[in-house]
Amino acid sequence: MKPWLQLVFFTCIFLIQHTEAEFFTSIGQMTDLIYAEKDLVQSLKEYIRAEEAKLSQIKSWAEKMDVLTSKSTSDPEGYLAHPVNAYKLVKRLNTDWLELENLVLQDTTNGFITNLTIQRQFFPTEEDETGAAKALMRLQDTYKLDPETLSRGNLPGKCTKYRSSLTVSDCFGMGKTAYNDGDYYHTVLWMEQALKQHDEGEDTTVSKVEILDYLSYAVFQFGDLHRAMELTRRLISLDSTHERAGSNLRYFEKLLEKEREEKSRDKSLNKTEATTEPVVQSGAYERPLDYLPERDIYEALCRGEGVKMTPRRQKRLFCRYHDGNRNPHLLIAPFKEEDEWDSPHIVRYYDVMSDEEIEKIKQLAKPRLARATVRDPKTGVLTVASYRVSKSSWLEEDDDPVVAKVNQRMQHITGLTVKTAELLQVANYGMGGQYEPHFDFSRKDEPDAFKRLGTGNRVATFLNYMSDVEAGGATVFPDFGAAIWPKKGTAVFWYNLFRSGEGDYRTRHAACPVLVGCKWVSNKWFHERGNEFLRPCGKTEVD
C-alpha cells in the first residue's frame, strides 16, 4: 500500500472511531476533529514535499552522474589512473547506487528498479569497497601522504585532468573501514579528516555525532584518555541523549580518577620523585609495527629515498649493445643493454616489446585475469595473499603467435631455454597494486615449492614493463637499496641463483604500490633444468 493511502486509511479509522464516540454531541469535541484534519492536511503536504524532494534528489544525481560518466568513458584508463577516482567508482557502485536504489524503491518505478536489480549482481561487493579503501590507506602510508592531500586529490603526475576529491561521506567511509578492521591508526586519521571537512561547512548527510562516536573511541584505544573525553563531551553537547557516549564518558571519568589516585599514592610514597604525565598530541599517534621487518626500507625505496647508488658504484655501470653472445638472431639487430646494478648484476633491455605486441598481449590476458596468487611454501599450492594485490593470467605459445615470438626473444636475449620455463605471466596492478618483498626462488625451508613442475628451482627472472607509470610502481630491492622504475617496452633481468645453485638472498624484491597510473607487466621465470650447459655450475657463489 502506498504511504499516502496508508495515511488516508489510518486517518479514516481515526475519524470513524471518534465519530462512534459521538463527537457530534459536543462542539468542543468536534473542534478536536478540526485540528485533526488540519494535521492530516499538513501531513499530506509533508508527504508531497518529500516526494518532490526525492524526485529532485534523483534528478540531481542523474545529472551529476551524466557529467561524470561522460568524462570517465572518454578515457577509462586515464580516469582510473587517479586512485581517488578508482576508489570512488567502487564506493559509488557498492554504496551510493544502493542508497539511490533504496530511495527509488519508495515508489513503484518498475523500469529502473528492474534494470538496477539485474545489474547489481555484477556490481562491486562490500569486500571490494573495503579493498579499495585499504588501497588508499596503503598509498597513504607508503608515500607519506596525509589525509588532506589524498582527500583533495593532490597527487603527483599528470592527472590534474581527472583530479577528484573525497567528501565527508567518503572520508567517513574510509574511517569506518579501518575501524571495522581494528585499525585505529587510520580510523583516527580519516575520522579527523571527515570532521575537519564537516567543520568547514561541507554539505553532507553524515552527522558530526557519527564521526565523533568513532573518533573518540579510536583515540581512546591509543590511550589518549584526555582527548577521548574532550571528543565525547563534544558529542554529548550535540546529542545529549546519546546513550553510548554518556556511558563512555562515565567510564573515562572513572579511569581518570583512578589514574589520579594512583599518582597521588605514588607521590605520597615517594615525594621526591618527579612525575610527568605523558601527552599524546592530536595526529601524533604512531603507525603500529607490522609483520614486514624491512617495511621502512621498502617504503623509502618506493618513494625514491634511500637508493644506495654511490658515485663509485655508478662508475661500474655501463651501456652496451647485447647480441646474446653472438646469437645469430641478434647479430644484425642487437638489443640496447643498460646496467641497473652491479652486484647482483641487474640489467635493463630496451625496445624488447613493441606497442603492437604489448596491446596484443594485454588483449589476450584481459579475459583471463584473476586474482594473483603466491605459492604456499609448505604445500606448494597456489593461494591468494594480502601482500600481493594484482590480477594475472598465464599465456601459452598456442594462444597466439605473438606469445611464441616474445618467448623466443627472451630466450635469445638471455641465452636460457624457454622449454623448461614457466608460462608467460601477465599481471595488471590496480589501485594501490603491489607485491611486497619476496623471493622468486624457493628456499631451503620450502624444497617442494616447484616439485610439481619437475624443472628445479627458478634460476632467473625476466620482467617486461608493458606500461609507463606516472607515480609509484617501482621494482625495489631492499637488501642492497636499488629501485628500478617502469619504462614501457623495456625489460629487466637478473639471476636468482648463484652458479653453485644456492639462492641469492640479495634478490629479495618488491613491486611498489602504484600511486598514479596503470601498471602492466609480463614475466618469464627460467628454471634450472635444461640450462645446465647454457649456464654451467660453479663452485663459488658468484655470478
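On a predicted model such as this, the values are computed, not experimentally measured, just so you know. (Residues numbered from 1 in each chain as written. Predicted model: local features only at pLDDT ≥ 70, side-chain atom pairs only at ≥ 80, totals over all residues. Heavy atoms only, no water.)

## A closer look at helix α16 (residues 401–414)
Phase 1: In this model, α16 (14 residues) spans 20 Å end to end at C-alpha, consistent with the 20 Å of a helix rising 1.5 Å per residue.
Phase 2: Every buried residue of α16 is accounted for by V402, V403, V406, N407, R409, M410, H412, I413 and T414.
Phase 3: Looking one or two residues beyond α16, the residue adopting positive phi is G415, at roughly 80°. (Helix = DSSP H or I, 4+ residues; strand = E, 2+ residues; numbered from the N terminus. Expected span 1.5 Å × (residues − 1). Buried < 20%, exposed > 50% of the residue type's maximum accessible area, 1.4 Å probe, protein only.)

## Quick word on the nonpolar core
Phase 1: Y87, W190, I211, V476 and L515 are the most contacted members of the largest nonpolar core, which has 58 residues in total.
Phase 2: Look past the residues within four positions of I211 in its chain and what remains in contact with it is V168, F172, M191, A194, L195, H198 and V206.
Phase 3: Listed in part, the 33 residues of the second largest apolar core include F335, F441, M466 and F493. (Core = buried A, V, L, I, M, F, W, Y, C linked by side-chain atoms within 4.5 Å. Contact = heavy atoms within 4.5 Å.)

## Here's the deal with the layout of surface pockets
Phase 1: Empty space within the second largest pocket amounts to approximately 1,400 Å³.
Phase 2: As for the second largest pocket, its lining consists of 40 residues, of which W61, K91, D96, E99 and S169 are closest to the centre.
Phase 3: Among the secondary structure elements, those contributing two or more residues to the lining of the second largest pocket are α2 (27–74), α4 (83–104), α6 (126–142) and α8 (168–180).
Phase 4: When grouped by side-chain class, the residues that make up the lining of the second largest pocket number 10 nonpolar, 14 polar and 16 charged.
Phase 5: When residues of the lining of the second largest pocket are sorted by domain, at least three fall in each of domain 1 (27–121) and domain 2 (126–261). (1 Å grid on protein atoms, 1.4 Å probe; cavity = no way out; pocket = protein on both sides within 12 Å on 5 of 7 lines; lining within 4 Å. Points joined across faces, edges and corners; volume = space filled by probe spheres on them. Nonpolar A, V, L, I, M, F, W, Y, C, P; charged D, E, K, R; others polar. Domains from an automatic or database assignment.)

## Considering the environment of W525
Phase 1: Within the fold, W525 resides in strand β18 (residues 519–527).
Phase 2: On the basis of relative accessible area, W525 is assigned to the buried category, the value being 8%.
Phase 3: Put simply, W525 and N496 are 29 residues apart on the chain and 9.8 Å apart in space, counted from C-alpha to C-alpha.
Phase 4: Leaving out residues up to four positions away in the same chain, W525 has contacts with W394, A421, E422, Q425, D440, R458, A460 and T461.
Phase 5: A polar side-chain atom of W525 sits 3.0 Å from a polar atom in the side chain of D440. (Polar contact = N/O pair within 3.5 Å; in protein donor to acceptor, adjacent residues only side chain to side chain.)

## Remarks on the sheet that holds strand β11 (residues 458–465)
Phase 1: Here 9 strands make up an open sheet; going across it, the order is β1-β2-β3-β15-β11-β18-β9-β8-β4 and the pairing antiparallel. The open sheet is flanked by β1 (319–322) and β4 (370–371), the only strands paired with a single partner.
Phase 2: Strand direction decides the pairing type here: strand β3 (residues 346–349) and strand β15 (residues 491–495), joined by 3 bridges, are antiparallel. Looking at β15, one finds that Y349 is bridged to A491.
Phase 3: Along the sheet, helix α15 (residues 355–365) makes contact with β8 (391–395), β9 (424–429) and β18, crossing β8 at roughly 105°. (Pairing = 2+ DSSP bridges. Axes fitted to C-alpha atoms, helices over the stretch in contact; angles between N-to-C directions.)

## A word on the pattern of salt bridges
Phase 1: Applying the stated criterion across every chain, the model contains 37 salt bridges.
Phase 2: Ionic pairing is found between R260 and E257, a salt bridge with its closest N-O pair at 4.0 Å. Note that R260 and E257 are positioned in helix α12 (residues 243–269) at a spacing of 3 residues, about one turn of the helix.
Phase 3: Across the pair K336 and D351 runs a salt bridge, and its minimum N-O distance is 3.3 Å. Of this pair, K336 sits in strand β2 (residues 335–341) while D351 sits in the loop between β3 and α15, and the two are 15 residues apart along the sequence.
Phase 4: Among the ionic contacts, a cluster of salt bridges with common partners joins D141, R287, D290, R295, E299 and E436. (Salt bridge = Lys/Arg side-chain N within 4 Å of Asp/Glu carboxyl O.)

## Comments concerning the packing of aromatic side chains
Phase 1: The full count for this structure, using the stated rule, is 22 aromatic pairs.
Phase 2: Here the aromatic rings of Y184 and Y217 are separated by 6.1 Å at their centres, their planes lie at 70°, and the arrangement is edge-to-face. Of the two residues, Y184 is situated in helix α9 (residues 184–199) and Y217 in helix α10 (residues 208–221); the sequence distance between them amounts to 33 residues.
Phase 3: Given the relative accessible area of 22%, Y184 is considered partly exposed.
Phase 4: When the ring of F439 is compared with that of Y505, the centres are 5.3 Å apart and the planes differ by 75°; the resulting orientation is edge-to-face. Here Y505 lies in the loop between β15 and β16 (509–511) and F439 lies in the loop between β10 (434–438) and β11, a separation of 66 residues in the sequence.
Phase 5: Note on Y505: relative accessible area 42%, which makes it partly exposed.
Phase 6: Of the aromatic side chains, those joined through ring pairs into one cluster are F172, Y179, Y184, Y214, Y217, F220, Y251 and F252.
Phase 7: The ring centre of Y429 lies 4.8 Å from the NZ or CZ of K519, which sits over that ring. (Phe/Tyr/Trp six-rings, centres within 6.5 Å; stacked < 30°, edge-to-face > 60°. Lys NZ or Arg CZ within 6 Å of the ring centre and 35° of its normal.)

## A closer look at the sheet that holds strand β14 (residues 482–484)
Within a sheet, each strand pairs with its neighbour through backbone hydrogen bonds, oriented either parallel or antiparallel.
Phase 1: Taken together, the 5 strands give an open sheet; going across it, the order is β7-β10-β16-β13-β14, and neighbouring strands pair in antiparallel fashion. Looking along the sheet, the strands with just one partner apiece sit at the ends: β7 (388–389) and β14.
Phase 2: In this sheet, β16 lies alongside strand β13 (residues 475–477) in antiparallel orientation, the contact comprising 2 bridges. Among the inter-strand pairings, V476 is bridged to a residue of β16, identified as A510.

## Points about the pairing of β15
Phase 1: With 5 of 5 residues buried, β15 lies mostly within the body of the structure.
Phase 2: Of the strand pairs in this sheet, β11 and β15 are connected by 5 bridges, and their pairing is antiparallel. Counted as the bridge partner of N464 is A491 from β15.

## Considerations on the confidence of the model for the chain
Phase 1: This prediction gives the chain a mean pLDDT of 86; 84% of its residues lie at or above 70.
Phase 2: Within the model, pLDDT remains below 50 along residues 1–30, and this stretch shows 16 contacts once partners closer than five positions in the same chain are excluded. (pLDDT = per-residue confidence, 0-100.)

## Let's talk about empty space enclosed by the protein
Phase 1: All chains considered together, the criterion is met by 1 cavity of 30 Å³ or more.
Phase 2: In this structure, the largest cavity encloses a volume near 230 Å³.
Phase 3: Forming the walls of the largest cavity are 18 residues, and the residues nearest its centre are Y429, Y435, H438, L463 and H509.
Phase 4: Taken together, the elements giving at least two residues each to the lining of the largest cavity come down to β9, β10, β11, β16 and β18.
Phase 5: At 4 residues, β18 tops the list of elements feeding residues into the lining of the largest cavity.
Phase 6: Tallied by class, residues from the lining of the largest cavity come to 9 nonpolar, 6 polar and 3 charged.

## A look at the state of the cysteines
Phase 1: For the coordinates displayed, the defined rule picks out 1 disulfide.
Phase 2: Here C302 engages in a disulfide with C512; their sulfurs sit 2.0 Å apart. An S-S torsion of about -85° defines the bridge between C302 and C512 as left-handed. Within this pair, whereas C302 is found in helix α13 (residues 295–302), its partner C512 is found in the loop between β16 and β17 (514–516), the two being separated by 210 residues in sequence. Grouping residues by exposure puts C302 and C512 together as buried. (Disulfide = S-S within 2.5 Å.)

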